[in-house]
Amino acid sequence: MVAIRFIAVDGSMQTIDATVGISLMENAVANGVEAIEAICGGNAYCGTCRVHVEPEWRKVTGAVTEMEEPMIEASGDTDPGVRLSCQIEVTEALEGLVVRTPASQS
Ligand code: FES
């Protein structure tokens, strides 16, 4: 388990004990993070699992993948840390990760 913190647009925080080997989205849904709706179930075509990765974590979580690009573009989300949480696999390296959820998902 690794601790991951979600910060909502109103500043409220929720820290979850995430399971390694599944996606950040799956962990968020399993732990009741309300801002992560994940309508498409992790197929990178709904955009309702977006997170904004804090600057100090972007190297660890990695860049937007080719699979994410079209959905992120369509969402109009231009935050420099935007990712689809369904495309981020939780690893031990993410211990302490902090992400924000976008206003459009609040
Ligand atoms: Fe739909 Fe991630 S769950 S894009």
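All figures in this text were calculated on a predicted structure; none of them were measured in a lab.

1. Observations regarding the environment of Leu-24
Tracing the backbone through its elements, the reader meets Leu-24 in helix H1 (residues 24-30). For Leu-24 and Ile-39, which are 15 residues apart along the polypeptide, the C-alpha to C-alpha distance reads 15 Å. In this view, Leu-24 contacts Ile-4, Phe-6, Val-51, Ser-85, Ile-88, Val-90, Leu-97 and Val-99; residues no more than four positions away in its chain are not counted.

2. Examining the pairing of strand S1 (residues 2-7)
Note: S1 against strand S2 (residues 13-18), six bridges, orientation antiparallel. Across the sheet, residue Ala-3 finds its bridge partner in S2, namely Asp-17. Where S1 hands over to S2, the hairpin turn is made up of five residues, of which Gly-11 adopts a positive phi near 90 degrees. The sheet contact formed by S1 and strand S5 (residues 98-100) spans three bridges and is parallel. Looking across to S5, one finds that Ile-7 is bridged to Arg-100.

3. Re the pattern of salt bridges
For side chains bearing opposite charge, pairing can occur when the charged atoms are close. Scanning all chains against the criterion turns up three salt bridges. With a closest N to O distance of 2.5 Å, Arg-50 and Asp-77 form a salt bridge. Linking Arg-50 in strand S3 (residues 50-53) with Asp-77 in the loop between helix H3 (69-75) and strand S4 (82-84), this pair joins segments that are 27 residues apart in sequence. The shortest N-O distance in the salt bridge between Arg-83 and Glu-68 comes to 2.8 Å. Highlighted residues: Arg-83 in strand S4 and Glu-68 in the loop between helix H2 (58-61) and H3, separated in sequence by 15 residues. Both residues of the pair, Arg-83 and Glu-68, belong to the buried class.

4. Some points on the nonpolar core
Ile-4, Phe-6, Leu-24, Ile-36, Val-51 and Leu-97 are the most contacted members of the largest nonpolar core, which has 28 residues in total. If one sorts the elements of this core by residue count, S1 sits on top with four residues. Among residues more than four places away in sequence, those in contact with Val-51 are Phe-6, Leu-24, Ile-36, Gly-81, Val-82, Arg-83, Ser-85, Ile-88, Val-99, Arg-100 and Pro-102.

5. Brief notes about the sheet that holds S1
Strand order in the open sheet made by the five strands is S2-S1-S5-S3-S4, with mixed pairing throughout. The sheet is open, and its two borders are formed by S2 and S4, each paired with just one other strand. The mean inter-strand angle of the sheet, taken between neighbouring strand axes irrespective of direction, is 35 degrees. One ladder, built from three bridges, connects S3 with S4; its direction is antiparallel.

Rules used throughout
- Residue indices follow the written sequence of each chain, beginning from 1 at its first position.
- Per-residue local features of the predicted model are confined to residues with pLDDT of at least 70, and side-chain atom pairs are confined, for both listing and counting, to 80 or more; whole-chain, interface and lining totals are unaffected and use all residues.
- Heavy atoms from the whole structure form the basis of all side-chain values; hydrogens and water molecules are not counted.
- A run of H or I in DSSP counts as a helix once it spans at least four residues, and a run of E counts as a strand once it spans at least two, with each numbered from the N terminus.
- Note on contacts: a residue pair is in contact if any heavy atoms of the two residues lie within 4.5 Å.
- In this description, strands pair whenever DSSP reports at least two bridges between them.
- Within this document, salt bridges are pairs made up of a side-chain nitrogen of Lys or Arg and a carboxyl oxygen of Asp or Glu, the two lying within 4 Å of each other.
- Using a 1.4 Å probe on the protein chains alone, a residue whose accessible area is under 20% of its type maximum counts as buried, one over 50% counts as exposed, and one in between counts as partly exposed.
- What we call a nonpolar core is a set of buried Ala, Val, Leu, Ile, Met, Phe, Trp, Tyr and Cys residues that are connected through their side-chain atoms within 4.5 Å.
- An axis is simply a line fitted to the C-alpha atoms; with a helix, the fit covers only the stretch in contact. Between two such axes, the angle follows the N-to-C directions and lies from 0 to 180 degrees.

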